[in-house]
Each structure stands twice: as C-alpha cells, then as structure tokens.
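Structural overview for review
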Amino acid sequence: MSKTKNGTGTTRSTRRMSRPRRILLASVLLLGVMVYYLTPYVITPQAMSDGLEQALSEKLGAPARIEGDTVISYWPRPSVTATAVSVSRPDGTGPLVYGNASRLTANFGLPGALLGHLSFSDIALDGAVIILEQSDASQGQPANALGRTLADIQSGNDVSAQANGPDELYITNSTLGFTQHGETTIVKNVNAELDWPVLSGRAHLSGSALLADRNTQVNLDAGQAAAILAGRSSPIQLGISSDTANINFDGTASRNRPYLLDGTFSLSTNALQDLMAKLGVESRLLSHVDNASLNGKVSRSGDSLRFSPVELTIGAAEGNGVLDIVPASPDGPVGISATMAFQDVPLFDAQSSFPAWIDAVATGLEDSVDADLPLPDLDLRVSAGSVRLSDVTLRDVAASIMRTREQTSFDIADSRLDDGSLFAHVVVRNDGTASVRMNAKNVRSGPLFKQLGLSVPLESESFDLEMSYNAELPLSEGGQDDPTGHFQFTARAGNLSWLDLGAILQSIRTSDNFAFSPLKRVPFAFTSIAGRGSVSGTMVHLETLEMETAEGRIRLAGDVDIGTGEIQAMMTTWGKTPQDNPISVRINGNALAALARRIDTPPELLTE
C-alpha cells in the first residue's frame, strides 16, 4: 500500500513540474513566431540602409549614402547587402578615408537590430574605389576616429581605450588611391583582408594587388599600426612577393625615412632592372644582370639604412660586407655606399671594351640630368679575388666607384694582371667628357689593348704602359675625334706588325730613295722596345720609338694620322757593331703609298 502511494505521488509531482516547461516552450514558440512575422516590419531595408549610412558616417567622419538596393538575409548569419555606396571627402585633419563601392555586405546582430541598436561587423566591399588621403591641413579637429587616435599618439595621450577599428574588412576587385600633397598613387586589382580590431592595437593585412604591372602578394603584421601612421615606430613583419621578386622584413619600422629601423631584411629578384627602376635606381653597367639577392641585418644610421653584416649576390658574384642606403628624397637621388668583399666577379657580358664601358656610364649621366629617375649617388669600396672581363682577368683587386651629380669616378687602386699589375683612374663627367689615367706593368699587350678598345700592332708577353688622356664622348663606334693625352711604354721580346719593317730596312741599305706600301704589314721581331709620345685627335706624335733587334737598333720619330693614314717620320738604323754607321731616311706618304728618302743622320744621333 505504501509503495502504491509513493508511486502515485511521484507521478503527480512529475505532472506539476512539466507544466512550467510546457509554458516555457509555448512562450519560446510564440516568441519565435512573433520574431518571424514581426522582423520584416522591424528590420526593414530602409532601416538597415539608414543604419549603414549612420555607421559609415560616424566611422569615417563624412556623409555616407546608399543609392542602390538594400537586401537583408538571415541565413547562415544575419547580413545586409547594399549597392551603390559612397562616402564624401571628410573635412578636418589626419588621414581622410572616402570613396565608393559597387556592393557592400556586412553582418549584423539580430537581437540588437530588433531593439533598434544596429551594429555591423565583417564588412566586405566589392568593386570599390577607396581614397586614403593625408590631409595638408595642420590645424582643426581630426576628421575621424583614426585621426583622433593618431592625434592622441602624437601628443602622448593614453590610447589604450581608444576607438574600435574596422575589425575584419574584406576588399575584392577594388582600387586604392594614396593621396599626399595633391598627388595620388593608384593601386589596382586589390583583393585583401584587414583584421584591425582596435585602432591603437595590432593590425594584420593580407592580400594581392597589381604593383609595378605585376600581381603581387602582400602580408603585413603590425604590432601598433596606428603608431606607424602617426610617425612613431612599431614592430612589423612584412612579406612582398611576385613572380619576379621577394622581399621580407622582420623588425621595427616607421613611416618616416629611412622607414626600416632595426631587424632582418632579405630581397631576391630575377628581374633586377625592373626592380632597380621601381626603387629609383638606374645603372647601365648592370644591364646584363637579371638575378640578385640581399640578406642581412638592417639598422638606422642617421638618415640611411645600414645593412651590417650583409650578403650580396649580383649575377654570379657573391660578396659580403657593409652597405648603407639613403632613400631618395626631393633633395637628391638614392645614395648608396658600401664596403664589400667578393670572391669571383665574372663580367663576361659587360661592355666588351673599355670605351664602350665609359660610353655606358656617360649615357646614364647625360640622361639623368633632367630625368625623372636620376642615377644614385655612389661611394663603393670593393675588393675581389678575381674580376673576369671579356679579354683579361684581374686578381686581388681593390677598387672604388664614386658618383655625384657631376661625374662618376672609377679607381683600380691595386690589382694583379698576368704576372704584373694594373692601376687605373677614370672620370666620366656629365658634360660629355672623360679623363683616363692607367699604369700597367709586365702584362700581355694583346689582351690589354683589346680590352682597352685600342688597335695597336704590338705583341709582347711583358709589356709596360703609362697613359693619360682626356676625350669627348662617345669613345666607341668611331667617336674618338678629340682625345688628347700622353703615353709611354716598354716591352721585352715581341713583334711589331706596323709597316713591313724588314723590307724597309733592306731597302735602306741598298737605295737612297724607294717607295713602299703602308698597307703591307709583316711582323717584325724585337728583343726590346720603348716609346713615348702624345695623342691629339687622330694624330699620334711619336717623340721617340726605339727597338733593339737581332740585327741592331732602330729609332723612329714623327707623326701618324690614324684617321687618314698619313705618315711623316724619320727612321734611323744602327748595325750590330759600333763600326757600323747609322743610316737615316725621311718617310712621307699616306695609307696607300709612301716614299722613303735617305738623309744625313742628325749629329745628336751620331754619338749614340
């Protein structure tokens, strides 16, 4: 009996407890039905349009308008889509953000919307044109929340509780315009995602855009994005990549020059010329190089970026050292100074001759005088185990290159060539002139003359040369009309392929007058040779040219026009023994024919 009563009591209790549940369930169902039927009347397209306009206006500080349709969706999340959205240019200071979008989509909170408190998140813009303008106004109220945050940072105020950022912002098929001082830089084909919850906090940007006519991926993480915009520094991680270049930086940066303050930097490219042009650097001397890379630690040094240590690869040349770069400014072009050590520098594809190299430098200087892309200022100190040119290889090279707005100078302070040495100083001015000084000792004459772009019919394995000259440019392609300078040389054991000296010497001993053709050139052996003279235009003046041969001694002095072939000279020959009297002839002629006439040997030569 007791068991039955207990069982009956339990059943009644259960029924009493289920009644509140039924009431709650009914209330929920009723509320759901009310929401379902009343929501379209409470959350109307016009109300959402007004709410979006108000939110955009408050955020950006300027009137916003929606002139197209507004569509509301509740699945999978409550969202609104509006078309033909625009925001006017704000008044005030600080960064101004305005533009238009073909379509705007945003999520919204349903409970808040039902209560009349609209809030939007995850805004997506498609087909937008967004202008980010740095206002020239220096006084007045900030135009928007971002401007107020930057003003507080710049004045040193606490920004820990500043305004919310755009949170998550998605941009597709859009265009960005960056305006400053009345000039706008356009970036097209922008597809990006911005995650910036709090304006004074961390921001992350990832996406792609058309930069320098190439589709480029950008990934940026800034610890304090607003601080960078306010001219302060912030930790950042930056990655930029395209099919031609990759750039990465991890460290501290600022929007002020020199931008990167401290961290690690790497750059690699397979299109060096395009990259140099976009960075404001031009060099025809590297026109044959496509691949390059730079890796190192970077820090700020005054107004420059110092990479130390740095590993630099240009083509097949690899080096390390210290590199300083001063970014371009209205006051001047990019400045580059470096002290680098390379192992092997192959320059087979560089300008094939010395005059062509000078002309390349000169062309760049002339073009840069009024160009939009001026040449960089250079101060480079370079050492290399070897420098392989098209015709010679220099070893243990110490060189420097300096470029200013007026000229470029190139110095080989020390180098080994063959079993000897080579020193050189070259100045190329942007007024179209060049100066050259060179000193070579104990080198092979043939490869040296070929590299210098000179046609000299002298072959020797042990050749010394000192020369200096000034010239109007260009030097190559027959442009050597006005060089002026001096030269001096010596050589051991070789041959001279100028005129048929063997036949001329035989005729001297048997004839008082004879004709010969300067076109006939037969190698003439000597045991030593020494000469000095000067050059003026196409005229070469031989002050003296003396040769020791197996048959005796020869001395030649006079003038040769290398342009017309005209020759006026005196030749004197001595036999092998002191008893042999010297014989002298006067030579006159041109490129086709010449006449030699015996003359009395000058008294000063009789005593030699």
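What counts and what doesn't
- Residues numbered from 1 in each chain as written.
- Predicted model: local features only at pLDDT ≥ 70, side-chain atom pairs only at ≥ 80, totals over all residues.
- Heavy atoms only, no water.
- Helix = DSSP H or I, 4+ residues; strand = E, 2+ residues; numbered from the N terminus.
- Expected span 1.5 Å × (residues − 1).
- Buried < 20%, exposed > 50% of the residue type's maximum accessible area, 1.4 Å probe, protein only.
- Arc of directions from axis to C-beta.
- Contact = heavy atoms within 4.5 Å.
- Salt bridge = Lys/Arg side-chain N within 4 Å of Asp/Glu carboxyl O.
- Pairing = 2+ DSSP bridges.
- Polar contact = N/O pair within 3.5 Å; in protein donor to acceptor, adjacent residues only side chain to side chain.
- pLDDT = per-residue confidence, 0-100.
- Core = buried A, V, L, I, M, F, W, Y, C linked by side-chain atoms within 4.5 Å.
- Phe/Tyr/Trp six-rings, centres within 6.5 Å; stacked < 30°, edge-to-face > 60°.
- Lys NZ or Arg CZ within 6 Å of the ring centre and 35° of its normal.

1. Brief notes about helix α2 (residues 45-60)
Counted at 1.5 Å a residue, the expected span for α2 with its 16 residues is 22 Å, and the 22 Å between its end C-alpha atoms agrees. Within α2, the full set of buried residues consists of M48, S49, G51, L52, L56 and L60. Down the axis of α2, the buried set is contained in an arc of 165 degrees. They therefore lie on one face. Seen from the open side of α2, the exposed residues pointing more than 90 degrees away from its buried face are Q46 and E58. Tucked inside the fold, the buried residues of α2 contact β1 (64-66), β2 (70-73), β3 (79-87), β4 (95-108) and β5 (120-134). Just beyond α2, the residue with positive phi is G61, at close to 80 degrees.

2. Describing the pattern of salt bridges
A complete count under the given rule lists 17 salt bridges for this structure. Residue D391 is joined to K450 by a salt bridge in which the shortest nitrogen-to-oxygen separation is 3.6 Å. Note that D391 is positioned in the loop between β17 (377-388) and β18 (393-403) and K450 in helix α8 (residues 445-452), a separation of 59 residues in sequence. A salt bridge links E546 to R555; its shortest N-O distance comes to 3.5 Å.

3. Some details on the pairing of strand β22 (residues 458-472)
Relative to β22, strand β21 (residues 433-443) runs antiparallel, the two being bridged by nine bridges. When the sheet's bridge partners are listed, V443 is paired in β22 with F463. Two elements, β22 and strand β23 (residues 484-496), share 12 bridges in a ladder whose sense is antiparallel. Residue pairing in the sheet places E459 in a bridge with N495 of β23.

4. Observations concerning the environment of A47
Of note, A47 is situated in helix α2. Classification of A47 by relative accessible area gives partly exposed; the value is 30%. Separated by 23 residues in the primary sequence, A47 and T70 have C-alpha atoms spaced 9.7 Å apart.

5. Thoughts on unusual backbone geometry
Put simply, W75 and P76 share a cis peptide bond, and its omega is 5 degrees. Although it is not a glycine, N173 adopts a positive phi angle of roughly 50 degrees. Here N173 shows up in strand β6 (residues 164-180). Taking relative accessible area as the criterion, N173 reaches 53% and is therefore assigned exposed. For A493, which is not glycine, the phi dihedral falls at a positive 35 degrees. Checked against the element boundaries, A493 lands in strand β23. Accessibility expressed as a relative area gives 51% for A493, which makes it exposed.

6. Here we look at the side chain of E133
Its place among the elements puts E133 in strand β5. In this structure the side chain of E133 is engaged in a polar contact, spanning 2.7 Å, whose partner is the side chain of Y98.

7. Re the confidence of the model for the protein
With 86% of its residues at a pLDDT of 70 or more, the protein shows a mean pLDDT of 85. Note that pLDDT drops below 50 for residues 1-5; the model gives that stretch zero contacts with residues more than four away or on any other chain.

8. Re the nonpolar core
Ranked by size, the top nonpolar core spans 132 residues in total, and within it F265, I358, F463 and M571 carry the most contacts. A total of seven residues in this core trace back to one element, the largest contributor, which is β4. Setting aside chain neighbours within four positions, we find M571 in contact with L501, I504, L505, I508, I554, R555, L556, I583, S584, V585 and I587.

9. Quick notes on the packing of aromatic side chains
In the structure shown here, the tally under the stated rule is six aromatic pairs. A centroid spacing of 5.2 Å and a plane angle of 65 degrees characterise the contact between F449 and F463, whose relative ring orientation is edge-to-face. Of this pair, F449 sits in helix α8 while F463 sits in strand β22; the two residues are 14 residues apart in sequence, bridging distant segments of the chain. Accessibility assignment for this pair places F449 and F463 in one class, buried. Within the aromatic cluster, the residues linked to one another by ring pairs are F449, F463, F487 and F489. Its end group placed over the ring of W574, R553 keeps NZ or CZ at 3.8 Å from the ring centre.

10. Focus: α8
Most of α8 is tucked away: seven of the eight residues are buried. Listing the buried residues of α8 in full gives S445, G446, P447, L448, F449, Q451 and L452. Positive phi appears at G453, one or two residues downstream of α8, with a value of about 75 degrees.

11. A few points about the side chain of T544
Relative to the helices and strands, T544 resides in strand β26 (residues 539-549). Once you skip the residues sitting within four places of it in the chain, T544 turns out to touch A530, G531, R532, R555 and L556.

12. Looking at the pairing of strand β19 (residues 407-417)
Where β18 and β19 come together, eight bridges link them in antiparallel fashion. Along β19, the bridge assignment pairs L394 with L417. The hairpin turn running from β18 into β19, its antiparallel successor, is three residues long. Pairing of β19 with strand β20 (residues 420-429), which is carried by eight bridges, proceeds in the antiparallel orientation. Within β20, the position partnered with S409 by the bridge is V427. Taking the residues that link successive antiparallel strands as the turn, the β19-β20 hairpin has two residues, and the phi of D418 there is positive, at about 55 degrees.

13. Description of the environment of A384
Position of A384 among the secondary structure elements: in strand β17. Relative accessible area serves as the criterion here: at 7%, A384 is assigned to the buried category. Through-space distance from the C-alpha of A384 to that of A341 is 5.8 Å; in sequence the pair is 43 residues apart. Leave out the neighbours within four places in its chain, and A384 touches F342, Q343, V345, D396 and V397.

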